[in-house]
Amino acid sequence: MLMKRLVAFLFHAPGLYVVYRERLPWEMVKKNLVAIAVTLAAMLGTGVVAGPLAAILAWGAGHAAWGAYLAWWIPSAGSPS
């Protein structure tokens, strides 16, 4: 279970598919699309205001936040087995 959480944290849905051949349910895909949109908006906003390094840091924060959420979700009842 720990390895699956690590794969989810680092590589998200594509990693879960490649390593475990598991797809996310549609509800999680929708949440993933929202996370992508929020991350892109944060990157654009910080990039315009503070420059490219801030945009990279915003991407890192968004990536880590979604990875942590997905890794937390894995052992729950709604997650892939």
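Each remark here, short or long, concerns the structure printed above.
Computed from a predicted model, the values in this text were never measured in an experiment.

Turning to a nonpolar patch on the surface, a few remarks are in order. On the surface, Met3, Leu6, Phe9, Leu10 and Phe11 cluster together into a nonpolar patch covering about 480 Å² of accessible area. With respect to the helices and strands, the residue Met3 is situated in helix H1 (residues 2–20).

If you check the backbone angles, His12 has positive phi at about 60° while not being a glycine. Assignment of secondary structure puts His12 in helix H1. With a phi close to 55°, Arg21 is a non-glycine residue in the positive phi region. As for its placement among the helices and strands, Arg21 is situated in the loop between H1 and helix H2 (26–50). Judged by its relative accessible area of 58%, Arg21 falls in the exposed class.

Rules behind the numbers
- Residues numbered from 1 in each chain as written.
- Predicted model: local features only at pLDDT ≥ 70, side-chain atom pairs only at ≥ 80, totals over all residues.
- Heavy atoms only, no water.
- Patch = residues over 30% accessible without salt bridge, like charges linked within 9 Å, V, L, I, M, F, W, Y side chains within 5 Å.
- Areas by Shrake-Rupley, 256 points an atom, 1.4 Å probe, with all protein chains shown as cover.
- Salt bridge = Lys/Arg side-chain N within 4 Å of Asp/Glu carboxyl O.
- Helix = DSSP H or I, 4+ residues; strand = E, 2+ residues; numbered from the N terminus.
- Buried < 20%, exposed > 50% of the residue type's maximum accessible area, 1.4 Å probe, protein only.

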